[in-house]
Amino acid sequence: MGAEAQLRQQEPWFVSLAILGALYVAAFACRLLHISGIALCLRGPKDLRRRYGAWAVVTGPTSGIGRSMSLELARCGLNLIIVGRDPAKLQDIAGTVSKTHGVLTKTVQFDFSLVSTPQGEEAMGRLRQAVDGLEVGVLVNNAGVATPHATYLHEADAEAWVRMIRVNLLAVTEVTAAVLPGMVERGRGAVVNIGSGAAEALPSYPLYSVYAATKRHEDGDEHGDAGRAPVLADLSD
């Protein structure tokens, strides 16, 4: 009887832990299904040019995922408008995709840490001019920044946090706003935001809270970040 009474006392704790475990597994399964669904969307159709349009815009295209996305889109026959802060690196990737896949390229120099400043407005003007009149069917918001690294808020210069917010958040909004109207008008297009697992792995992400807050749906590579998953918005039928 003593053993049975002890078991009954333990049952509520066991049930509670079992419920928590089931909820965690369910949440993980939902994320897995979400990522799998995105992967299926990105796998097809094969003819991206016909479905979405002749041009793609890629931010942060000079290394890592951004460079790989640029090469893959060019392989699928899309002309590229590549947007980044380093002119030499932009010319390098532009030359590579043109030589390898025979597509047209445009480069736009844009330091996204200057978004919402006079210099940033000038760069936004160059981007709007670059996409004007073109059938831009795909936008990949990849550029992002992860610095300053793990630190307390008061230990870093406030301007560093402001630059992070501009690159990771404001730039995504402004670039999308420049490209999206043409997609809506044509009734087709895709916007891919490269998001970070940092916003999902740890709820509060200690010492990275500003970064995690800005990277909930977008992340990038040119400014030195890693660990991303795509978020896809498809406007096509």
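Bear in mind that the values here come from a model prediction, so they are computed numbers and not experimental data.

Trainee: What is the right way to read the confidence of the model for the chain from this model?
Mentor: Detailed reading of the predicted coordinates is not advisable wherever pLDDT is low. Taken over all residues, the pLDDT of the chain has a mean of 81, while the share at 70 or more is 74%. In the predicted structure, residues 218-231 sits below a pLDDT of 50 and forms 79 contacts with residues beyond four places in sequence or in another chain.

Trainee: Just checking my understanding: could you explain the pattern of salt bridges for this structure?
Mentor: Opposite charge on two side chains makes pairing possible when the charged atoms of those side chains draw close. In the structure shown here, the tally under the stated rule is 5 salt bridges. The partner of Asp-92 in a salt bridge is Arg-67, with the nearest N and O atoms 3.3 Å apart. Residue Asp-92 is located in helix H4 (residues 87-101), and its partner Arg-67 is located in helix H3 (residues 64-75); the two are separated by 25 residues in the primary sequence. For Glu-135, the salt bridge identified is with Arg-188, shortest N-O distance 2.2 Å.

Trainee: Would you mind going over the packing of aromatic side chains with me for this structure?
Mentor: Any two aromatic rings considered together are summarised by their centre-to-centre distance and by the angle between their planes. Using the criterion set out here, one finds 2 aromatic pairs in the structure. When the centroid spacing of 4.6 Å and the interplanar angle of 35° are considered together, the rings of Phe-110 and Phe-112 count as tilted. According to the relative accessible area criterion, Phe-112 is buried, its value standing at 2%. Between Tyr-208 and Tyr-211, the ring centres sit 6.2 Å apart and the planes meet at 70°, which makes this aromatic pair edge-to-face. The pair Tyr-208 / Tyr-211 is uniform in exposure class, with both members buried.

Each value, and the rule that gives it
Residues numbered from 1 in each chain as written. Predicted model: local features only at pLDDT ≥ 70, side-chain atom pairs only at ≥ 80, totals over all residues. Heavy atoms only, no water. pLDDT = per-residue confidence, 0-100. Contact = heavy atoms within 4.5 Å. Salt bridge = Lys/Arg side-chain N within 4 Å of Asp/Glu carboxyl O. Helix = DSSP H or I, 4+ residues; strand = E, 2+ residues; numbered from the N terminus. Phe/Tyr/Trp six-rings, centres within 6.5 Å; stacked < 30°, edge-to-face > 60°. Buried < 20%, exposed > 50% of the residue type's maximum accessible area, 1.4 Å probe, protein only.

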